[in-house]
Amino acid sequence: MNDPVTLFGFRHSVYQRVARVALKEKGVLFTVEEIDPFDVIEAERLRDLHPFGRVPVLRHGSFVLYETSAITRYVDAAFIGPSLVPDDPRAAAQMAQVIAILDSYGYWPMIRQVFSRRVFAPHEESTCNETEVAEGLESSLRVLSALEAIAAERRVLTGDAVSLADCHLGGMMDYFTRAPEGADLTQGLPCLDAWWQKVRVRPSITGLDPGDDTAL
Ligand SMILES: N[C@@H](CCC(=O)N[C@@H](CS)C(=O)NCC(=O)O)C(=O)O
């Protein structure tokens, strides 16, 4: 399947970053088309691709797909490259569990309350809402403690064989640990910290920012 691959995404979007990590780990060549879901005019254009007006959206030839966890599963299944889904049923189930935990309970506190308020808001010259950061850190601790328990079982998030759980958590952790409190919280969780020290230096993560002078 040599059809061109396009990822529609917004440069600040953590979910766009997650999809890019998976595409890079799989070794897929792709282009990025910038679309800002928070801009009224661009959001209108986005609705043609995504009925809920979010990013990212993947286009592979004539096939259009939205929802990051579906995109990364498709990327793994549709292209040649290292498998990003473990063969072992328990490891595969825990991979899906990690992704679901992040989507259901992790994104909002880790990214919207901690990263966006502590790191992004000052960059945009708006004030940081300390109450929200504190609330976000409390909820993030619950999420990351759950992931620490999963990582301690050594089926996924080991930092050795990369799965879609690493792509999802890696993309989010890259933002979360830019907040000093996020970095401190992660360091207090030994399995996750050991995992992050290995994953943060992978080219799929270190290559997320270069060339993007507005990235934080
Ligand atoms: N469930 C979606 C969530 C995607 C999402 O929330 N993307 C954010 C950027 S990180 C967005 O497009 N936000 C626009 C908005 O909230 O209007 C997925 O997994 O792709």
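Residues numbered from 1 in each chain as written. Predicted model: local features only at pLDDT ≥ 70, side-chain atom pairs only at ≥ 80, totals over all residues. Heavy atoms only, no water.

Draft legend 1. Spotlight on the site of the ligand. As a matter of local geometry, the ligand sits amid Ser-13, Val-14, Tyr-15, Pro-37, Phe-38, Arg-54, Val-55, Pro-56, Glu-67, Thr-68 and Tyr-107. Here a nitrogen atom of the ligand and a backbone polar atom of Val-55 are 2.9 Å apart. Contact with the protein chains covers 84% of the free accessible surface of the ligand, which is 520 Å². Per-class residue counts for the shell around the ligand are seven nonpolar, two polar and two charged. (Near = heavy atom within 4 Å. Polar contact = N/O pair within 3.5 Å; in protein donor to acceptor, adjacent residues only side chain to side chain. Areas by Shrake-Rupley, 256 points an atom, 1.4 Å probe, with all protein chains shown as cover. Nonpolar A, V, L, I, M, F, W, Y, C, P; charged D, E, K, R; others polar.)

Draft legend 2. Geometry of the domain arrangement of the protein. Each assigned domain of the protein is listed with its residue range as follows: domain 1 (5-78) and domain 2 (89-202). One C-alpha centre belongs to domain 1, the other to domain 2, and the line joining them spans 21 Å. Contact with domain 1, which involves 15 residues of that partner, is made by 18 residues of domain 2. Of the roughly 1,400 Å² buried between domain 1 and domain 2, counting both surfaces, carbon and sulfur atoms make up 66%. Here domain 1 and domain 2 share two salt bridges between them. As a salt-bridge pair, Arg-17 and Asp-174 come within 2.8 Å of each other at their nearest N and O atoms. Remark: the boundary between domain 1 and domain 2 carries four residue pairs in polar contact (both at pLDDT 80 or more). Taken together, the residues that form the side of domain 1 that touches domain 2 break down as six nonpolar, four polar and five charged. (Domains from an automatic or database assignment. Contact = heavy atoms within 4.5 Å. Buried area = accessible area lost by both parts, 1.4 Å probe. Salt bridge = Lys/Arg side-chain N within 4 Å of Asp/Glu carboxyl O.)

Draft legend 3. Region of interest: the sheet that holds strand E1 (residues 5-9). Strands sit in the order E2-E1-E3-E4 across an open sheet of four strands; the sheet is mixed. Unpaired on one side and paired on the other, strand E2 (31-34) and strand E4 (63-66) mark the two borders of the sheet. Neighbouring strand axes in the sheet, compared pairwise and without regard to direction, differ in orientation by 20° on average. Bridge count for strand E3 (residues 57-60) against E4 is four bridges, and the pairing is antiparallel. Within E4, the residue paired with His-60 across the bridge is Phe-63. On the sheet, helix H1 (residues 14-26) packs against E1, E2 and E3 and is oriented at approximately 160° with respect to E1. Helix H3 (residues 68-78) rests against E3 and E4 of the sheet, and its axis sits at about 135° to E4. (Pairing = 2+ DSSP bridges. Helix = DSSP H or I, 4+ residues; strand = E, 2+ residues; numbered from the N terminus. Axes fitted to C-alpha atoms, helices over the stretch in contact; angles between N-to-C directions.)

Draft legend 4. Focus on the nonpolar core. If you look at the biggest cluster of nonpolar residues, it comprises 47 residues, and the most contacted ones within it are Met-110, Leu-144, Leu-147, Leu-157, Met-173 and Leu-192. Contributing elements (two or more residues each) for this core: H1, helix H4 (89-123), helix H5 (130-152), helix H6 (164-176) and helix H8 (190-199). At 14 residues, H4 tops the list of elements feeding residues into this core. Residues from two domains meet in this core; each of domain 1 (5-78) and domain 2 (89-202) gives at least three. Of all hydrophobic cores here, the second largest spans 12 residues; its members include Val-28, Leu-58, Leu-65 and Phe-79. (Core = buried A, V, L, I, M, F, W, Y, C linked by side-chain atoms within 4.5 Å. Buried < 20%, exposed > 50% of the residue type's maximum accessible area, 1.4 Å probe, protein only.)

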